[in-house]
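Here are the chains, one letter per residue:
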Number of protein chains: 2
Amino acid sequence: MRIGWIGTGIMGGAMVARLLAAGHTCVVFSRTKGRAENLLAAGAVWADSPRRVAEACDVVFTMVGFPTDVEEVILNPETGVLRGFQETGAAGKMVVDMTTSRPSLAKRIFEAAAKIGVSSLDAPVSGGDVGAKNGTLSIMVGGTHETFEKLADVWEILGKTVQFQGAAGAGQHTKMVNQILIAGNMMGVCEALRYAKKAGLDTDTVLASVATGAAGSWSLSHLGPRILNGDFAPGFRIRHFVKDLRIALEEADAMELDLPGTTLAKRLYELLQDSGHGDDGTQALYLGVTSTESPARA
Amino acid sequence: MRIGWIGTGIMGGAMVARLLAAGHTCVVFSRTKGRAENLLAAGAVWADSPRRVAEACDVVFTMVGFPTDVEEVILNPETGVLRGFQETGAAGKMVVDMTTSRPSLAKRIFEAAAKIGVSSLDAPVSGGDVGAKNGTLSIMVGGTHETFEKLADVWEILGKTVQFQGAAGAGQHTKMVNQILIAGNMMGVCEALRYAKKAGLDTDTVLASVATGAAGSWSLSHLGPRILNGDFAPGFRIRHFVKDLRIALEEADAMELDLPGTTLAKRLYELLQDSGHGDDGTQALYLGVTSTESPARA
């Protein structure tokens, strides 16, 4: 199986490196070629566009930034993946978008692909750069179960928890569930730690009391200590989280579903982003949560 | 050490039962005597008021409902615990409030007790009725470390994670941190599961994808499945949680700390309580989170 990969940033790059290490051939394209240099040195083959990648491959994975990027690299009629597949006989080929993107776009891609005999999956991940490096990602997959099963070898290399979630878009919807959960957890963690600091408590002792019981969460155990050390470097960037929460809330709106907590979290993160914290990690909500007017005053 | 106990509801009753089983003598009082019957059958001794309990004991624990109840049973000049201690020689005696109550009240009790030579601790718990029964509570203690250490035998019987948190009020403040965390987690869990349902996902498969990763929490793992089974019976009642969040936000206000997420959670839970869900478990936020106008329409 000739594998193509579009988008070799922190996540995509680490995933391609795993595929290469497992003996797969990878044809890659990235908007910034410099980002692929280490992969090319490790045996990846460069192609000049998503279309050129697709022309050389049986399956193309995309891991790019925003839904508009996904749309561009897969659907652009001149330079996109589907166009590349058409050039070389599309039937039976596969495109897998691993970007966190719109469920509605995943459905649109699925339909456009189906028209030319290509199978499409939406397969966003969670687990961050560490999960990408170690192959311990959670991968949430929508599309058809048949296509999902064809890629079992790849899932094995990239992920630890790989779940087929249902029809096209179901992977993206599941990722939205994941992000809604994190939004709530992060508000709780950041407000709780601010309260603890302000009340003059010993935060290490507080964590010893609360982290392993009913108030516990991954966010508290993993990001709480970073916050208390003043470490706001990104595991996951605020500007990406804002993108995800916007998608979640647009989808919720379309389903006539009101999510007041998620709405608030999005607003707080947007304020942080607007005040220059877009490239901080999501735990920087701690800095801004004191006031909705002045998020960065802390 | 003669132990007194005031408040023998679900939590207090289970804790007294453990003390009795460990061979301690307990003198008990509860507003509703019927609630103490099983304890009396197991060897507890009844007293007719908090004052009478204190007259017979070296240390008195209180586990009642609201801060006003705490104030009444400890500080009432005619019938309260401190009055009882005074009748029989107060010096060296101890009062320990395990109710989730106001940090500021804990400080006031500490000072009133100190004036007559009595040591006071605030020692709220988390871990619910199961933790109370099994002696696996998290106990968060404020006061003096010396008094905390004198009660090591009791902590051993009642708790698994027992932490001295600092001066009077620090135990209550730590419990507020715990409740702020839970407020965020519960908003995330309930909104995420509503989204999953509305999007038509298979919620069991979704939980398999999200529960063990970065979106994971105790609330998701323990209350998520109950929600999906339509089980809104109380582990922890909404009306008690509303009380706790009101205390947390009053304390935050007094510290000039803005907690927007916790403020929203309190409002959502108040709306649920106002619409008849006060005795449901906190996971019933799932029912009401669709709209801030109409929390119970689901």
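Peer 1: What exactly am I supposed to notice about the pattern of salt bridges here?
Peer 2: Here the idea is simple: oppositely charged side chains can pair when their charged atoms come close. This structure, assessed with the given rule, holds 28 salt bridges over all chains. Between Arg239 of chain A and Asp279 of chain A there is a salt bridge; the shortest N-O distance is 2.5 Å. Taken together, the positions of Arg239 of chain A in helix α13 (residues 238-254) and Asp279 of chain A in the loop between α14 (260-277) and α15 (285-288) put the pair 40 residues apart, joining distant regions of the chain. With relative accessibility at 40%, the residue Asp279 of chain A sits in the partly exposed group. Of the charged contacts, one joins Arg83 of chain B and Glu87 of chain B as a salt bridge, the two residues approaching to 2.8 Å between their closest N and O atoms. Highlighted residues: Arg83 of chain B and Glu87 of chain B, both in helix α5 (residues 81-87), separated by four residues, approximately one helical turn. Since its relative accessible area comes to 22%, Arg83 of chain B is described here as partly exposed. Bridged by salt links that share partners, the residues Arg51, Arg52, Glu55, Glu78, Arg83 and Glu87 of chain A form one connected network.

Peer 1: Please explain unusual backbone geometry as it appears in this structure.
Peer 2: When glycine is set aside, most residues are seen to have a negative phi, and most peptide bonds are trans. Residues and elements named next belong to chain A. Backbone geometry at Glu256 places phi at a positive 55°, although glycine is not the residue there. With respect to the helices and strands, Glu256 occurs in the loop between α13 and α14. A relative accessible area of 66% places Glu256 in the exposed class.

Peer 1: Explain the relation of the copies chain B and chain A here, please?
Peer 2: Each of the two chain copies can be generated from the other by rotation about an axis followed by a shift along it. Here chain B sits on chain A after a turn of 180° about the axis and a move of 0.0 Å along it, with an RMSD of 0.1 Å. One copy is carried onto the other by what is essentially a two-fold rotation axis. For chain B, the smallest separation between a C-alpha atom and the rotation axis is recorded for Ser217 of chain B, amounting to 1.9 Å.

Peer 1: How do you make sense of the packing of α13 of chain A against α14 of chain A when you look at a structure like this?
Peer 2: Helix-helix packing: each pair is described by the crossing angle between the helix axes and the interaxial distance. All names here are of chain A. At a minimum axis separation of 9 Å, α13 and α14 run at an interaxial angle of 145°. As for the relative orientation of α13 and α14, their crossing is left-handed in sense. Mapping the contact onto sequence places Ile238, Arg239, Phe241, Val242, Leu245, Arg246 and Leu249 in α13 and Thr262, Thr263, Ala265, Lys266, Tyr269, Glu270, Leu272, Gln273 and His277 in α14. By residue class, the composition of the contact of α13 with α14 is eight nonpolar, four polar and four charged.

Peer 1: Hey, could you run me through the environment of Lys133 of chain B in this one?
Peer 2: Residues and elements named next belong to chain B. Structurally, Lys133 can be placed in helix α7 (residues 128-134). Residue classification places Lys133 among the exposed positions, given a relative accessible area of 54%. C-alpha separation for the pair Lys133 and Tyr286, spaced 153 residues apart in sequence, amounts to 28 Å. What Lys133 contacts, discounting residues up to four positions off in sequence, is Ala14 and Arg18.

Cut-offs and rules
Residues numbered from 1 in each chain as written. Chains lettered and ligands numbered in written order. Predicted model: local features only at pLDDT ≥ 70, side-chain atom pairs only at ≥ 80, totals over all residues. Heavy atoms only, no water. Salt bridge = Lys/Arg side-chain N within 4 Å of Asp/Glu carboxyl O. Helix = DSSP H or I, 4+ residues; strand = E, 2+ residues; numbered from the N terminus. Buried < 20%, exposed > 50% of the residue type's maximum accessible area, 1.4 Å probe, protein only. Least-squares fit on C-alpha atoms with pLDDT ≥ 70 in both. Axes fitted to C-alpha atoms, helices over the stretch in contact; angles between N-to-C directions. Left-handed = near helix turned anticlockwise from the far one by under 90°. Contact = heavy atoms within 4.5 Å. Nonpolar A, V, L, I, M, F, W, Y, C, P; charged D, E, K, R; others polar.

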